[in-house]
Amino acid sequence: MPNPDNRADNVERLQEAIHNTMENLHEAEDFLAAHADEMNPKDVRNLVAKNERRRRAIEGFREEIRDEAHDARDRLQ
């Protein structure tokens, strides 16, 4: 039997994902600020690229939250 589509905690889970991703992004930025001059340039580029992917992921999570809010309004009507 398939699991029911329970979206009750989607926004909460998305907000937690945003929080965790932002923490990782800031930690990486702090690490780069302190150690980039000691790092292999390729590693620096990789970390910068990873942070850019994190920023895009955060925007995606925010878009999903907006979609959830829109869906919730539709269900109430």
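Look a little higher up for the structure.
Fair warning: this is a prediction, and the values are worked out from it, not measured in the lab.

Colleague: I'd like a description of the side chain of arginine 54, backed by residues and values.
Modeller: Along the chain, arginine 54 falls in helix 2 (residues 41-76). For arginine 54, which is buried and forms no salt bridge, the nearest opposite charge comes from glutamate 27, at a distance of 7.7 Å. Excluding anything up to four places from it in sequence, arginine 54 contacts Thr21, Asn24, Leu25 and Ala28.

Colleague: For the pattern of salt bridges, give the residues involved together with the corresponding values.
Modeller: Applying the stated criterion to the full structure yields 6 salt bridges. Residue arginine 55 is joined to glutamate 29 by a salt bridge in which the shortest nitrogen-to-oxygen separation is 2.5 Å. With arginine 55 in helix 2 and glutamate 29 in helix 1 (residues 10-35), this residue pair connects regions lying 26 residues apart in the sequence. Note that glutamate 52 and arginine 56 form a salt bridge whose closest N and O atoms lie 4.0 Å from each other. In this pair, glutamate 52 and arginine 56 are both assigned in helix 2, 4 residues apart and thus about one turn of the helix distant. Each of Glu29, Glu52, Arg55 and Arg56 takes part in a single network of salt bridges with overlapping partners.

Colleague: Account for the nonpolar core, naming residues and giving values.
Modeller: As a rule of thumb, nonpolar side chains are buried together in soluble globular proteins. Membership of the largest hydrophobic core is limited to 5 residues, which are Ala28, Leu32, Met39, Val44 and Leu47. When contributions to this core are tallied by element, the ones reaching two or more residues are helix 1 and helix 2. Sequence-distant contacts of alanine 28, that is, excluding residues within four places in its chain, are made with Leu47, Asn51 and Arg54.

Colleague: Describe helix 1, listing the residues and the values that go with them.
Modeller: For helix 1, with 26 residues, the first-to-last C-alpha span of 37 Å sits near the 38 Å given by 1.5 Å per residue. Among the residues of helix 1, those classed as buried are Asn10, Leu14, Ile18, Thr21, Leu25, Ala28 and Leu32. Turning to helix 1, the residues buried within the fold contact helix 2.

Colleague: Outline the packing of helix 1 against helix 2, supporting the account with residue identities and numerical values.
Modeller: The N-to-C vectors of helix 1 and helix 2 enclose an angle of 160 degrees; their axes lie 9 Å apart at closest approach. Compared by their axis directions, helix 1 and helix 2 come out roughly antiparallel. Handedness of the helix 1/helix 2 crossing: left-handed.

Colleague: I'd like a description of the side chain of asparagine 51, backed by residues and values.
Modeller: Positionally, asparagine 51 belongs in helix 2. The exposure class assigned to asparagine 51 is buried, which follows from its relative accessible area of 3%. Polar contacts involving the side chain of asparagine 51 include one to the side chain of arginine 54, which spans 2.7 Å. Setting aside chain neighbours within four positions, we find asparagine 51 in contact with Leu25, Ala28 and Glu29.

Cut-off values and rules
Residues take numbers from 1 onward in each chain, read along the sequence in its written order. Owing to the predicted nature of the model, reporting of local features is limited to residues with pLDDT of at least 70; listing and counting of side-chain atom pairs is limited to 80 or more, with chain, interface and lining totals taken over all residues. Note: side-chain values were computed over all heavy atoms of the structure, leaving out hydrogens and water. Helix numbers and strand numbers start at the N terminus; a helix is a DSSP run of H or I with at least 4 residues, a strand a run of E with at least 2. Here the term buried applies to any residue with accessible area under 20% of the maximum for its type, exposed to any over 50%, and partly exposed to those in between, with areas from a 1.4 Å probe on protein chains only. Only four residue types enter the charge count, namely Lys and Arg as positive and Asp and Glu as negative; His and the chain termini do not. Here a salt bridge means any side-chain nitrogen of Lys or Arg lying within 4 Å of a carboxyl oxygen belonging to Asp or Glu. The criterion used for residue contact is that any of the two residues' heavy atoms lie within 4.5 Å. Residues grouped as a nonpolar core are buried Ala, Val, Leu, Ile, Met, Phe, Trp, Tyr and Cys residues, joined through side-chain atoms within 4.5 Å. Here the expected span of a helix is defined as 1.5 Å times the quantity of residues minus one. Interaxial angle, 0 to 180 degrees, is taken between N-to-C directions of lines fitted to C-alpha atoms, where a helix line uses only the stretch in contact. Put simply, angles under 35 degrees are roughly parallel, angles over 145 are roughly antiparallel, angles from 65 to 115 are roughly perpendicular, and the rest are oblique. Each crossing is labelled by how the near helix is turned from the far one, with a counterclockwise turn of less than a right angle marking it left-handed and a clockwise turn marking it right-handed. Distance and chemistry together define a polar contact, namely a pair of N or O atoms within 3.5 Å, with one atom able to donate a hydrogen and the other to accept it when in protein, and with adjacent residues in sequence counting only for side-chain atoms on both sides.

Everything listed here is a matter of coordinates, which is why it stays silent on function.
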